Structures are given as C-alpha cells and as structure tokens.
Amino acid sequence: MNTLIAITGILIAVALQARMPALGWLGGVRLEFLPAVVVYAALTMHRRRAFLLALAAGLAQDALSAAPFSISALAYGISTIVITSLREALDRDLPWVQWSAGASTSIVASVIAFFAVGLSLGNIFKMLEVASISGVLAVALFFAADYARLAWGFE
Amino acid sequence: MVGWIVFLGQPTRFSTKLRMVFVQLCTPFVELGDYFPFVQSRRQLARENERLRQENDVLRQEVRALGETGRENLRLHQLLDVKEHSAFHTVTARVIGRDASNWWRSLQIDRGSNDGLADNMAVLNADGLIGKTTSVTRGQARVLLITDQNCKAAALLQDTREPGVVSGNPTAFSVSPHLTMTYVNRDAKIAQGESVITSGLGGVFPKGILIGATARARMNRQTGMYQDVDVVPAVDFRRLEEVIVITKSE
C-alpha cells in the first residue's frame with residue numbers, strides 16, 4: 001500500500017463517515033472507517049509514514065466535524081505510536097489482533113473526546129458499540145486490502 | 001506532539017487556515033456521493049423543486065413568526081412604539097455532509113462566506129430551529145445542531161412565557177436527539193406539548209423560531225432551584241436536505 005493510496009483511502013473513509021446516515025438499529029451510531037485505515041497503516045507501513053497518515057486522518061475527521069480541531073489527530077497519533085511499538089509482538093494476520101487494534105484505536109479517540117463532551121453511562125455504552133464496529137471494519141479492511149495487494153500487487 | 005496538537009486546537013489563524021485546507025480537500029470527496037447513479041435522479045428532482053421549496057419554507061416560517069407577532073401585539077397593544085416583527089434575509093443551502101464523528105452533532109452545507117454567511121447565524125427550516133453556523137469557509141459552512149450540547153439557545157415557553165435555555169442532551173440509548181430546557185422557574189406549571197420558541201436573547205437566534213414541544217418536566221436534581229424540561233425537537237434531524245440560513249434580520 002503506497003502513500004498515495006493511503007491518502008486517498010483516508011479521504012474516502014472520512015467522506016463516507018460524513019455521508020453515511022446513522023444506524024438507527026444500533027442506537028443511532030455512525031460508522032467510523034478511519035480507525036480501520038489508521039490501524040492498517042500502523043501495522044503495514046513505515047512508522048513515521050504511518051504516524052503522519054494518522055495525523056492527517058485525524059485532522060481530516062476534525063475538519064468535517066464540530067470537534068475541536070486536532071482532537072482526533074491526537075487520538076490517532078497516540079494509537080499509531082502504541083501499535084507501531086508493539087508491531088513486532090503482534091501477528092497482523094490474525095483477525096482478533098486486527099479487531100483489537102481497530103477497537104482500541106476507536107476507544108482512544110472516544111476517551112479523548114470525553115474530555116470535551118463529558119462522561120456518562122450512555123457515552124460509555126456508545127463508545128463500546130462504536131469500538132466493536134470499528135474492530136469489525138478493521139478486519140474487513142485488512143481482508144479487502146490484503147486481497148487487493150495479492151490481486152494487483154500493491155506494496 | 002501533544003504540545004503541537006494542543007496548539008492546533010486553539011482558535012489561531014494558523015489552525016483556522018489549516019482546518020479550511022482540510023475542509024477544501026475533503027469536500028470534493030463528500031460531494032462525490034451526489035454523482036453516484038442511484039442518487040442522480042433525486043439530485044435532479046431537488047434542483048427542479050429548489051425554487052418552490054425555498055419560497056415555501058420562507059413563507060411557512062414567516063407565518064409562524066407572524067403568529068408570534070400576534071401574541072406580542074396582544075401583550076403590547078397599548079404601546080405605540082412597539083416594533084413590528086422583523087423580516088429575515090435568508091440564504092438557502094443544501095446539506096452536503098454530516099458530522100464525521102460520533103461525539104458531536106453538526107452538518108456541512110454548501111454555502112459559505114461568498115454567499116454572505118458568517119459564524120453564529122441562525123439555521124432553520126420550515127419545521128423549526130436547526131442550529132447555528134460555525135467554521136465558515138468561502139464555499140461551505142458547518143452548522144452546529146441545536147441537539148449538540150455546545151449549542152445553546154435562549155428560549156421561551158410560548159403560552160406561559162417562562163424563559164429558559166435549550167441545549168442538546170447527550171444520550172446514546174435513543175436514535176432521536178434529545179433537547180433539554182433548563183433554568184425554567186421552579187414554580188412554573190408546564191403543560192405537556194406546549195411549544196418552545198426562541199426568545200431572541202443572546203443575539204444569535206431571532207425571536208419566535210419554533211424549537212419543539214415540551215415533554216416531561218422535573219426539578220433539577222443538583223440544585224432543586226429550577227426545572228429541567230425535556231423538549232421534543234420540531235425538526236427531524238435525520239432527514240435534513242435543505243436548510244435556511246438567516247443572514248440578517250432587520
């Protein structure tokens with residue numbers, strides 16, 4: 001996966017987040033695709049490049065949100081540093097590793113957001129819900145991207 | 001890194017410019033959704049109906065505002081110097097995106113400073129109040145919804161004239177957004193279904209815009225000094241396609 005594809009992936013992911021309607025049957029949460037992209041970059045790309053992409057992903061998300069600018073960049077940056085430092089100990093091909101990384105990234109973003117929106121029981125429930133979905137999306141992204149790499153020979 | 005990010009979080013000129021750059025960069029991808037075949041026909045239909053819809057929305061809002069004027073006149077009919085209810089200068093905008101995060105509630109619209117928009121302008125539709133503008137760029141603006149806890153509107157109960165402040169109430173257990181009207185007089189008798197309108201205080205939202213209807217009232221648990229009233233929003237925030245921005249009220 002080269003940097004250009006990663007940047008395009010980030011822009012598409014953030015646009016999807018901004019365009020797709022909330023899931024009524026899941027309590028009105030919105031799908032978050034960026035944690036999956038950030039995790040994929042953190043587990044497959046060079047550390048510095050993954051970190052810069054995580055910052056770009058966070059800033060893009062904040063630009064399309066009412067969130068304080070850079071709050072998501074902080075979350076994704078921290079998450080990328082942790083994941084890349086644990087990379088040698090993690091087998092990125094295992095779905096549960098992918099799921100855990102996606103869910104953890106989403107949880108970090110939520111916890112940092114709580115400093116701005118406040119903590120409540122409802123917010124914790126929502127955080128766990130969003131994290132579970134982000135984990136599933138990370139597994140799906142790894143499957144799709146690995147398949148694409150095999151099929152088209154991306155690096 | 002943390003210092004740099006905290007710096008970016010401050011409302012400096014640099015961070016505002018950087019935010020605008022990211023908005024400009026992302027918006028074409030957000031707007032790309034309009035060009036998929038399955039939404040093409042809806043887009044054309046919306047364009048055909050746009051003029052009539054604008055006219056209809058403005059007229060309906062003016063009718064509501066006139067109703068409020070009638071009430072105002074009833075109370076103030078002996079005063080000769082009472083001003084007539086103001087007319088609004090409006091800009092109609094199309095919703096092109098929603099908030100990319102789960103923790104804030106906002107919309108992105110396709111009008112910006114080039115169309116006369118600035119920060120803190122009231123946004124509404126024919127049903128009632130939607131929110132206020134924020135982060136305005138040349139071609140786009142973000143609308144902070146009234147259901148976001150950071151958006152607060154000075155409000156009135158239309159029948160009893162009890163004042164209060166309406167803001168979003170964060171909850172994860174319901175799809176429909178929640179509003180709460182706080183600082184309502186503890187002795188006020190609040191009927192269920194009473195209309196809640198903007199009071200005009202604060203200068204952002206003109207007087208008389210419908211916010212919603214009262215549901216349940218309860219004494220504030222922390223202080224017991226005032227009542228909190230649940231408000232059912234008049235607007236269906238899940239189905240917003242076009243909005244009206246009040247750029248000037250005379």
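Since the model is a prediction, treat every value here as computed from it, not as a measurement.

## Focus on the overall build of chain A
Part 1 of the reasoning: Across its full length, chain A carries six helices and zero strands.
Part 2 of the reasoning: Listed by position from the N terminus, the elements making up chain A come as α-α-α-α-α-α.
Part 3 of the reasoning: Seen along its three principal axes, the alpha-carbon backbone of chain A occupies a region of about 45 × 30 × 30 Å.
Part 4 of the reasoning: Counting all 155 residues of chain A, 52% fall into the buried class.
Part 5 of the reasoning: Across chain A, the fraction of contacts at a sequence separation of at least 24, relative to all contacts at a separation of at least 6, is 67%.

## Here we look at the domain arrangement of chain B
Many structure descriptions define interface size as the accessible area lost when the parts assemble.
Residues and elements named next belong to chain B.
Part 1 of the reasoning: Domain annotation for chain B reports domain 1 (30–148 + 237–249) and domain 2 (152–233).
Part 2 of the reasoning: Contacts between the two partners involve 19 residues from domain 1, matched on the other side by 17 residues from domain 2.
Part 3 of the reasoning: Of all elements in the fold, only α3 (37–76), β3 (122–124), β4 (129–134) and β12 (242–249) reach the threshold of two or more residues within the side of domain 1 that touches domain 2.
Part 4 of the reasoning: Take the side of domain 1 that touches domain 2: its biggest share by element is three residues, from α3.
Part 5 of the reasoning: Residue classes in the side of domain 1 that touches domain 2 are distributed as eight nonpolar, six polar and five charged.

## Focus: the interface of chain A and chain B
Part 1 of the reasoning: Tallying the contact residues gives 38 residues for chain A and 36 residues for chain B.
Part 2 of the reasoning: At the level of elements, α1 (3–19), α3 (47–63), α4 (71–85), α5 (95–117) and α6 (121–152) of chain A are the ones that each hand at least two residues to the side of chain A that touches chain B.
Part 3 of the reasoning: By residue number, the principal contributor to the side of chain A that touches chain B is α1 of chain A, which donates seven residues.
Part 4 of the reasoning: Split by residue class, the side of chain A that touches chain B holds 22 nonpolar, twelve polar and four charged.

## Concerning the sheet that holds strand β10 (residues 210–219) of chain B
All names here are of chain B.
Part 1 of the reasoning: Taken together, the six strands give a closed barrel; going around it, the order is β6-β7-β8-β11-β10-β9, and neighbouring strands pair in antiparallel fashion. Across the sheet, the axes of successive neighbouring strands diverge by a mean angle of 40°, strand direction being ignored.
Part 2 of the reasoning: Direction of pairing for strand β6 (residues 152–157) relative to strand β7 (residues 163–168): antiparallel, over a ladder of five bridges. Its bridge partner being in β7, A154 is matched across the sheet by V165.

## Topic: the nonpolar core
The tendency in soluble globular proteins is for nonpolar side chains to be buried side by side.
Part 1 of the reasoning: Core analysis: the biggest nonpolar cluster contains 102 residues, and I10, V14, V37 and A60 of chain A together with C26 and I211 of chain B have the highest contact counts within it.
Part 2 of the reasoning: If you tally residues by element for this core, the top one is α3 of chain A, at ten residues.
Part 3 of the reasoning: Counting residues domain by domain, this core receives three or more from each of domain 1 (30–148 + 237–249) and domain 2 (152–233) of chain B.
Part 4 of the reasoning: Aside from chain neighbours lying at most four places away, what touches I10 of chain A is L34, V37, L53, A56, A57 and A60 of chain A.

## A word on the packing of helix α2 (residues 34–44) of chain A against α6 of chain A
All names here are of chain A.
Part 1 of the reasoning: Remark: α2 packs on α6, axes separated minimally by 8 Å, with the N-to-C direction vectors making an angle of 50°. Taken together, the axes of α2 and α6 lie oblique to each other. Where α2 crosses over α6, the handedness of that crossing is right-handed. Contacts from P35, A36, V37, V39 and Y40 in α2 reach S134, L137, A138, L141, F142 and A145 in α6.
Part 2 of the reasoning: Classifying every residue of the contact of α2 with α6 gives ten nonpolar, one polar and no charged.

## Observations regarding the pairing of β4 of chain B
Residue and element names in this part refer to chain B.
Part 1 of the reasoning: With five of six residues buried, β4 lies mostly within the body of the structure.
Part 2 of the reasoning: Two strands pair when backbone bridges link them, and β3 and β4 are joined in this way by three bridges, in the antiparallel orientation. Bridge pairing in β4 links A122 to K132.
Part 3 of the reasoning: Hairpin connection, β3 to β4: the antiparallel pair is bridged by four residues, and G128 has positive phi, about 160°.
Part 4 of the reasoning: Where β4 lies against strand β5 (residues 141–145), four bridges are found, and the strand directions are antiparallel. The residue bridging T134 from the neighbouring strand is R142, located in β5.
Part 5 of the reasoning: As consecutive antiparallel partners, β4 and β5 are separated by six residues, and within that stretch S135 has a phi angle of approximately 50°, a positive value.

## Observations regarding α6 of chain A
All names here are of chain A.
Part 1 of the reasoning: In this model, α6 (32 residues) spans 46 Å end to end at C-alpha, consistent with the 46 Å of a helix rising 1.5 Å per residue.
Part 2 of the reasoning: Residues K126, M127, V130, A131, I133, S134, G135, L137, A138, L141 and F142 constitute the buried set of α6.
Part 3 of the reasoning: The inward-facing, buried residues of α6 abut α2 and α5.

## Some points on the confidence of the model for chain B
All names here are of chain B.
Part 1 of the reasoning: Summing up the model confidence of chain B, the mean pLDDT is 82 and the portion of residues at 70 or higher is 82%.
Part 2 of the reasoning: Ignoring residues within four places in sequence, the model shows residues 80–86, a span with pLDDT below 50, making eleven contacts including any to other chains.
Part 3 of the reasoning: Prediction confidence for the complex, expressed as pTM and ipTM, is 0.81 and 0.86 respectively.

Calculation rules
- Residues numbered from 1 in each chain as written.
- Chains lettered and ligands numbered in written order.
- Predicted model: local features only at pLDDT ≥ 70, side-chain atom pairs only at ≥ 80, totals over all residues.
- Helix = DSSP H or I, 4+ residues; strand = E, 2+ residues; numbered from the N terminus.
- Buried ≥ 20, exposed ≤ 12 C-beta atoms within 10 Å, placed from the backbone.
- Contact = placed C-beta atoms within 7 Å.
- Domains from an automatic or database assignment.
- Nonpolar A, V, L, I, M, F, W, Y, C, P; charged D, E, K, R; others polar.
- Pairing = 2+ DSSP bridges.
- Axes fitted to C-alpha atoms, helices over the stretch in contact; angles between N-to-C directions.
- Core = buried A, V, L, I, M, F, W, Y, C linked by C-beta atoms within 7 Å.
- Parallel < 35°, antiparallel > 145°, perpendicular 65-115°, else oblique.
- Left-handed = near helix turned anticlockwise from the far one by under 90°.
- Expected span 1.5 Å × (residues − 1).
- pLDDT = per-residue confidence, 0-100.

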